[in-house]
Each structure stands twice: as C-alpha cells, then as structure tokens.
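Take a look at the letters that make up each chain.
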Amino acid sequence: MLAVHLISFFFSKLQEDPTKKVDRFLHAMRLHDDQLIDISARFQAEMKKGLSAESSAAATVKMLPTHVRSTPDGSEKGQFLALDLGGSKFKVLQVKVREGMGVRKGGVEMEEKIYPMSKELLNGRAPELFDHVSESLKDFLHVKNISLDKKHPLAFTFSFPCEQTRLDKGLLLSWSKNCRARGLQGKDVVQALREAIDRTGGMDIEVLAMVNDTVATMMTCGFDDQYCDVGLIIGTGTNACYMEELRHVDLVEGDEGRMCVNTEWGGFGDDGALNDYITEFDQDVDATSINPGKQIFEKMVSGMYLGELVRLVVLKMAKLGQLFDGLVPDSLRTKGKITTAHVAAMEEYKNGLKNTRDILVELGLNPSQDDCIAVQHVSTIVSFRSSNLVAAGLAAILTRIKHNRHLRALRITVGVDGTVYKTHPQYPKRLHKVVRRLLPECQVRFVLSDSGSSKGAALVTAVAQRLASRKRQVDETLAPFKLSQEQLQLVKATMRAGLEAGLKNKGPSAVKMLPSYVYHTPDGTERGKYLALDLGGTNFRAMLVKFKKGLQNNTRLYHKIYTVPLEIMQGTGEELFDHLAQYVSDFLDYMGMKKAHLPAGFTFSFPCEQTAIDTGILVSWTKGFKATDCEGHDVVNLLREAIKRRNEYDLDIVAVVNDTVGTMMSCAYEDPQCEVGLIAGTGSNACYMEELKNIEKIRQKKQKTEGDEETPEATSKMCINTEWGGLGDDGSLDDIITPFDAEVDHNSVNPGKQRFEKLTSGMYLGEIVREVLLDLTRGGLLFRGRVTETLKTPGIFQTKYLSQIESDRLALLQVRSILQHLGLDSTCDDSIIVKEVCGAVSRRAAELCGAGMAAVVDKIRENRGLDHLNITVGVDGALYKLHPHFSGVLQETTRVLAPQCNVTFLPSEEGSGKGAALITAVARQKRDR
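The rules behind the values
Residues numbered from 1 in each chain as written. Predicted model: local features only at pLDDT ≥ 70, side-chain atom pairs only at ≥ 80, totals over all residues. Heavy atoms only, no water. Phe/Tyr/Trp six-rings, centres within 6.5 Å; stacked < 30°, edge-to-face > 60°. Buried < 20%, exposed > 50% of the residue type's maximum accessible area, 1.4 Å probe, protein only. Lys NZ or Arg CZ within 6 Å of the ring centre and 35° of its normal. Helix = DSSP H or I, 4+ residues; strand = E, 2+ residues; numbered from the N terminus. Contact = heavy atoms within 4.5 Å. Expected span 1.5 Å × (residues − 1). Core = buried A, V, L, I, M, F, W, Y, C linked by side-chain atoms within 4.5 Å. Pairing = 2+ DSSP bridges. Axes fitted to C-alpha atoms, helices over the stretch in contact; angles between N-to-C directions. Salt bridge = Lys/Arg side-chain N within 4 Å of Asp/Glu carboxyl O. Parallel < 35°, antiparallel > 145°, perpendicular 65-115°, else oblique. Left-handed = near helix turned anticlockwise from the far one by under 90°. Nonpolar A, V, L, I, M, F, W, Y, C, P; charged D, E, K, R; others polar.

A. Molecular detail of the packing of aromatic side chains. Across all of its chains, the model carries 24 aromatic pairs by this definition. Between Phe 604 and Phe 606, the ring centres sit 5.0 Å apart and the planes meet at 55 degrees, which makes this aromatic pair tilted. Note on Phe 606: relative accessible area 1%, which makes it buried. Taking the ring centre of Tyr 590 as reference, the NZ or CZ of Lys 560 above it sits at 4.9 Å.

If you want it as structure tokens, here you go:
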C-alpha cells in the first residue's frame, strides 16, 4: 500500500507544471498593478521629501540637484574631451559636436580608448586612482595626436552619488559598485581630478562639468529628441534623473526654469518603505553585500544582483527537493556563480532552454527538462519583478512631471542606458508595456542611448558653454540698463539742476517747473459739494465730491466715465470742448443737479503754463491728442465757452489742475505731511510744495501786478508741477540712453522730447522691451533666431505684460502662454531671458524715478534748513500700483540717494479727481475770506 502511495506521489510531481510550482514558491515577487501603483505613490512621497530643504537629509531618495539646466537644442558645437569613470572600465574620449546637426546626421563624432582599472586602484587611495585617470588622459592625447599646447574643455562622467553645488563641483557622498577608494568621501571630486592633472603636468585642461551617468544618458538622447527630459540607467546599477521645475528644488537658489535632478533612486526602501515587498532572498542578498541596509531598491532591480537573486532562489528550491532531485553541488552554494548575463541568456526567445541547461551543466548539475523550465521561470520572475519596480519608479517621475506642467496628457521621451536594458532580450518590452499600462494618458517613448554617457557628458559641457555664451551676450545687451550708484547720483544731480533752472525766469528749461497757483494743502476743514472734471487721456471723468462738515476722511463720490473718440481727440478744439461740455451736461442730468451752480475743478493732464489757479495755457498736446486751435490757448476759457454755447447749465470753474497736483492734494487730505505728488503710470511726472521766494518767475510777476487772490506775504509756498518728463531733452541724459531708447524716441510722435518720460513711463517701457527682444532674436539669442511679424509690430508688447511676466506668482509656463498669445513660440530658456529683459527695463525706470524723487525731497529739506526731513509722497499710476516690483525699487532708490529724508509713499485711492475738488474747495475758501 505504501508503495502505491509513493508511486502516486512521484507521478503527480512529474505531471505538475514546473512554472506553477515556481509561481507558488515566488508568489511574493509577482507584483500586480495595485501593488505597483502603491509603490509608485510611496516613491512620489520620497521624491517630495528629497526636494524639500527641511526633509532632504532624512530622505532615502536623495534628489540631488545637478546644475544642468538645459537639454541640447541642436546648436551646440565644439570639441571636448570626456572621462568616464563608473566601475571596472574607465574610458577617455574625444567628442566633436557639429553645429546644427543631430547624431543621425553625423553631428557627433567620437573616438575613445578603454583603460583597465585594477581592484587595487578601485580599493586603494583616491590620489593614486586619480593619478591613473590623469595619466590615461595624457596617454590618450598622445595616441590620438591631440595637441598638448591647446586648452581643452573636459567633461567628467562620475557615476557615484555626489552632492553638486555647481556644475563643476561635486562632493562624493558614498562609493558604490565595489569601488572603495580611500580619502575622497565628502571631498570635491572635480578638485581631486584637477590636482591629479596638475601632478601629471604637460596638459592644459579645463574641467567644465561633472555629470552622473544617468544625466549624461538623458543629454545624449536629448541631442536628437527635444522631448527627452528623463534619463534611466538599468545596468550594473540603476538610477533615474529628470528635469524638475527649479521652484521645487529647495537646495538651489532661484525659481525660474528647470534643473535636472539625479534621484539616486537606488536608496529607495532604505528606511523600510519597501519592507512589504522584500523577500527572504532580498534579505540574503543585502546581508552579504558590502553595504548592508543600503541601496535596497537597487538590490532588487540592478544587474549587479539579479543573477545572485536567481542563484539564491534555485539553491533554496534545490535544498527543499523541488529541483535537481534535491542535489545541491558546491558550485550552486558559491556566491556569484549565476550572473545577470546568465539570466539574460536563459530568457532568450529561441535558445533560452538550451542556454539554461548549459549553465546548469556548468554548475555540475544534470537537470531534467522540468528543472530547466523551472529555473528559466525563476529568471523570468526575478527579471520581471525588476522591470515592474523600475516601471513603478518611472511612473512616479512621469506623474510628477505631468502635474508640474499642469498637463492632462504628457508626451515625453526617456533616454535609457545600461547592460540589463541593452542585453536582456525581454526586459525593454516588459518595461515599456507596464509603464504604458500604469500611465495610459502619457505618450512615453523610450530611446536607447547611442553612445553611452560619455557623449552625454560632452553634451552637458557643450550646453553649458552655449548657455554661458548666450548669458554673456544677453548680459552685455542689458548692461546699459543696469545703472550704478554713481550714475544714479548723477541723474539725481542732473534733476536737481533742472529743478533749479526751471524755477528761474531765464530762458527755456528742459524741466518746465510750472507754477500751479496752489498755495495750500487741505487742512481737513473743507466742506460742501464740488464738481471735478478730469481729462487725462482717452477717457473723460465727471465726478461729484461731497466733503462733510468737520469730518476729515469722510467723503462721498459719484462719477461717470466717458470715452473720447479718436476723431474728436484729433479734430478741432471746438469739437473737443463741445464734447466735454456735453459729457458734463449728461452727468449733471444723471445726478439731477442741472440747475445747481457748482464750483468745479478741471484736472487737465497736459503741460500748461498757468498765470492763475483758474488759468492754464496749453503748452503742447501729448498722449495722442492733436485737437487744433488749443495750444497757446487757455483751456479753462475753451471749456467755459463750450458750456456757454450749450446754454443749459452754469459752472464756476475755480481751478485748473495737473493730475500730479491733484494726486498730492488727494493724499494730503489723508496725511498732512503729504507735500509731493508723483504719477508713475502711462506718463511720468512729479510736483511738490516749493518756497515761493525761490520761484523767480512768480516773484517778478508779483512785483509787476496787484490784486492777486493772495500776496507773497500771505503764504510762503506754492505747488510746482515739475513736468520732469522733459529732463534730458537738452542732452543731459545722453550717457545713459541706450540704442533701444533712441529707437523708441525716433519712432515716437515727438522725437527728441520728453526723454526722461520715455525712460520711465508705462507708455514706453513695453516698446523698449520689444526693441531689446527684437535685437536679441536677430542675434540668435531668442526664439531660435526667428523674427516674426508680430515681434516687428510697434506697440504689440504692452507695458501690462511687464507687470504680468515679472509677477512672482507667475510660473514660466504662464509666461510662455503670454508670449504665445503674442505669436512668439518660446522655450523655457526664452521665457527666462524675456523675464530678465522686462526686469532690467522696469528696474531702470523705477531707479530713475527714485533718483528724481531723491532730488525733489532733498531740495525740500535744504529749502527748510533741516538736517532730517519727514515727508509723504502721494502716488498714482498703474505702473506704481500694478507692477510687482516697481514701487519697492523706487522706494529703496529714494532711501539710498536721499538718506537724510524719511519718505513715506502713499498711494492715492481716488486719484486726481478728488484732488481737483479739494483744490477747488481750498481755493474757494481762501477767495471767500
């Protein structure tokens, strides 16, 4: 009976499918999609941890910044030397990169020589290792007849974990891959190489870049495929890198553009994150390694360990009698007897079983057919698990890239290198299939690195040279916009001289210094109803302002805005003022106050020569106005005559006011220390309270006339409208005017006029930026050198785009969107340069306004004989209010250039209209006394 049971048992064993037996034995290695998604999520969490400055030290996925900020764009060129040190083989190469040609067009030519690395060198002293590297380099130059007298740029592929603080500096974190050279850990690898080159002597070598092999692989593939933003190594070791948004890389300053991050993903799981998935065989491999507890993910995935995992599985199955009838030869107990090359051979499509038998026979076994099938299936499960784990890690990286770029779907290329990927017959297909299954919304292309990491290192150097060259040229272009303290002090002195000259009654002055006949700022006692009319551009604003008795800061305002048609702006003066009278009539109807005889203030934001507070002779039109028969005429009379022609209502026009003066008065109602007004918007101008004794033209007029509403004895100050936009019309700013400014001036409606305003105001800043972008594009530094019709269109780049592009909250993707809206197809690097141009132009504008303001407040301080002045500046204008940095730069420049003045800047809430009403109220109070 026992014999029958034994026969039945052995028969059943013979009938069992050997692959199912292995499946049961290795069920923990067979990972389904839910598990892979879980692993991917854990990996994403580790990536985030590694990128954060607060948690990076504890992260197992190190996420090391590489300082590689750009992949090749095809314009790289030059000849480079490359060193590739990654293990037992060391290579020296010469790489020639032809401009504008991809690899497939023969754009990269390479010559290389392999130099052996003994175990004694890999495990000896680091200086001896690097001396061998340097001597091999010199030998290569000699063998290839490369000149020793010429300086050679060199790229260094160093395939071990390093913390890089710049492209040519990296501190070794730890050795791996059985390399243990002493005395280098924690030290700069590039410096060690440079010192070795110096010791060898006879070479002029410039080490420009140190690159991890993963990064170099990405760069190699990126030379031919612009979508390649990921590098992957699956060989003796395993690793991945990708282009991360710089704003997420805490360990590097700056938040614009992208930087390649070397994940060093081999350490994933070192903190126990993969304990759910680690088998007893993984534990055995780890325990016998040179770094127990470290590089857990790599030990489950990479070519250094796959053969050993297979050996341990086969050994245990044999010990349990499930293979080879329980026979366990010493060879099977010996570490390293089954290699990853054996694993690849066992899984060949046609010869896999034969190869399996041959390998087992070499180990002293006499395997049955089922033994061979079972061992082959062990290899399949171990290598399949490897590709599944790599797919999970890669899915985490691609998901992060997709989220970073706010995309629903992602088109991307992964550059791959490594012996496992290259030599294992089934590995690539399995990996691709699983990645696409985990990320069905992503279009992922895998490209095999053609010439390995050496060429990539040279390309990193080539890209670095290209970017450095471009940055130098961009910096040279923008250098004239970057004003030194000495230049700003000179602008301040020039403005001060202009203020003084304009106050004198001796000939024309670039800074007009127009008297406003406003002698007082509000004192809070203003009350009553006032009409304010405001013409400052294409809009006309009518406003009713009510000041309540005895209640400062308690004001009610009602207003309507009317658009002035272009044909009226450029028609006759009579038509223009008839239109304004019609708008006033409509507003009074709207308010139900047609029969009221209201005092009115007229804000007229064009240069006027005033002889009284209610008289303004138009000096010249600006801002697109060309109405005839107005220049040289009193605009108050023109409006009064238009109202008289209508014969519907009556107004008492008490004051004509510049918008700058109105802004000062509006803010002075809130802050009694406000004695300066500033407009930083479409136009640029300032006003301030000047000592009446310093205004020669007024003093002389007072001596000749009598009966004015106030005598010099009754007051000591008057608000002066500087009209500072004319500074430089006499050539005094020529030293800081760039060719771009000159071009903008030449194409303006008033060439040679308002030179300071053309450097500082919103009407012109966008056009200056456009001229700079046009120049950079023609020089091949932007938009791939393609000059579009859009870029050649004057006025297309509005100043509002500067405010948007320079916003700290705006990512480069949104900057690119703005540029694309303008018809400019930009790269990430283009967007960085455009942002830099906008910043240079707007910063200069703010600094110049700050220099002008410093001149004004220092003059007030000296007028009053004070060692220190506390004063408030009322400000209006879109540039000041909407640009993210203009106000801060203006304030800081004023502080530095006028250190004895404590200047507070107060934005006007109601603008110049309320100010006009206040001027009317103040003037009427004084008149009625």
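B. Geometry of the environment of Thr 788. If you trace the backbone, Thr 788 turns up in the loop between α25 (762-778) and α26 (799-805). With 37 residues separating them along the chain, Thr 788 and Asp 825 place their C-alpha atoms 9.6 Å apart. Excluding residues that lie within four positions of it along the chain, Thr 788 makes contacts with Gly 823 and Leu 824.

C. Quick look at helix α28 (residues 828-863). Between its first and last C-alpha atoms α28 spans 52 Å; for 36 residues at 1.5 Å apiece the expected length is 52 Å, and the two agree. Counting buried residues in α28 gives 32 out of 36 residues, a clear majority hidden from the surface. Note on α28: the residue one or two positions beyond its end, Gly 865, has a positive phi of about 65 degrees.

D. Representation of the nonpolar core. If you look at the biggest cluster of nonpolar residues, it comprises 111 residues, and the most contacted ones within it are Leu 678, Trp 724, Phe 797, Val 837, Met 853, Phe 886 and Phe 905. Looking at this core element by element, the count peaks at 17 residues for α28. The contacts of Leu 678, once residues within four sequence positions are left out, are Thr 660, Thr 663, Asn 685, Ala 686, Trp 724, Met 853, Val 873, Gly 874, Val 875, Asp 876, Leu 890 and Phe 905. In terms of nonpolar packing, the next biggest core, distinct from the first, is built from 85 residues, Phe 268, Val 301, Ile 338 and Val 375 among them.

E. Just the pairing of strand β20 (residues 615-618), in detail. By the bridge criterion, three bridges tie strand β19 (residues 608-612) to β20 in an arrangement that is antiparallel. Bridge pairing links Ala 612 to Thr 615 in β20. What sits between the antiparallel neighbours β19 and β20 is a turn of two residues.

F. Structural context of the side chain of Ser 159. Mapping Ser 159 onto the fold places it in the loop between β5 (152-158) and β6 (162-166). Judged by its relative accessible area of 7%, Ser 159 is buried.

G. Quick look at the sheet that holds strand β21 (residues 651-657). Reading across from one edge, β17-β16-β15-β18-β21 is the order of the five strands in this open sheet, with mixed pairing throughout. Taken across any chain shown, the strands that pair with only one partner, and hence form the sheet edges, are β17 (555-563) and β21. Taken pair by pair, the neighbouring strands of this sheet meet at an average axis angle of 20 degrees, ignoring direction. Bridge count for strand β18 (residues 598-604) against β21 is six bridges, and the pairing is parallel. Along β21, the bridge assignment pairs Phe 602 with Val 656. Against the sheet, helix α19 (residues 573-591) contacts β15 (528-535), β16 (539-547), β17, β18 and β21, and its axis sits at roughly 135 degrees relative to β17. Along the sheet, helix α20 (residues 635-646) contacts β15, β18 and β21; its crossing angle with β21, the most-contacted strand, is approximately 155 degrees.

H. Structural detail: the pattern of salt bridges. Counting across every chain of the model gives 54 salt bridges. A salt bridge links Lys 113 to Asp 139; its shortest N-O distance comes to 3.1 Å. Taken together, the residues Lys 113 in strand β4 (residues 108-116) and Asp 139 in helix α5 (residues 126-143) connect sequence positions 26 residues apart. Residue classification places Asp 139 among the partly exposed positions, given a relative accessible area of 29%. Asp 204 is the partner of Lys 151 in a salt bridge, and the nearest nitrogen-oxygen pair spans 3.2 Å. Here the residue Lys 151 occupies a position in the loop between α5 and β5, and Asp 204 occupies one in the loop between α6 (189-200) and β8 (205-211), the gap between them amounting to 53 residues. Residue Asp 204 is classed as partly exposed on the basis of its relative accessible area of 29%. Put simply, Lys 492, Arg 496, Glu 500, Glu 690, Asp 858, Lys 859, Arg 861 and Glu 862 are held in one network by salt bridges that share partners.

I. Representation of the packing of helix α3 (residues 33-51) against helix α13 (residues 369-404) in the model. At their nearest, the axes of α3 and α13 sit 8 Å apart, and the two run at 55 degrees to each other. Of the possible angle classes, the one that applies to α3 and α13 is oblique. Considering the relative orientation of α3 and α13, their crossing is right-handed. Touching Leu 36, Ile 39, Ser 40, Phe 43, Gln 44, Met 47 and Leu 51 of α3 are Asn 388, Leu 389, Ala 392, Gly 393, Ala 395, Ala 396, Ile 397, Thr 399 and Arg 400, all from α13. Class assignment for the residues of the contact of α3 with α13 results in 10 nonpolar, five polar and one charged.

J. Quick look at the environment of Ala 462. When you line up the elements, Ala 462 lands in helix α16 (residues 452-478). Residue Ala 462 is classed as buried on the basis of its relative accessible area, which comes to 2%. Between the C-alpha atoms of Ala 462 and Gly 498, which are 36 residues apart in sequence, the distance is 52 Å. If we ignore the near neighbours within four places in the chain, the residues touching Ala 462 are Glu 76 and Phe 80.

K. Structural view of the packing of helix α12 (residues 352-362) against α13. For the pair α12 and α13, the least separation of the axes is 9 Å and the interaxial angle reads 100 degrees. Between α12 and α13, the angle is such that the two are roughly perpendicular. In this structure, α12 uses Gly 352, Leu 353, Thr 356, Arg 357 and Leu 360 to contact α13, whose residues at the interface are Gln 369, Cys 372, Ile 373, Val 375 and Gln 376. Looking at side-chain class alone, the contact of α12 with α13 contains five nonpolar, four polar and one charged residues.

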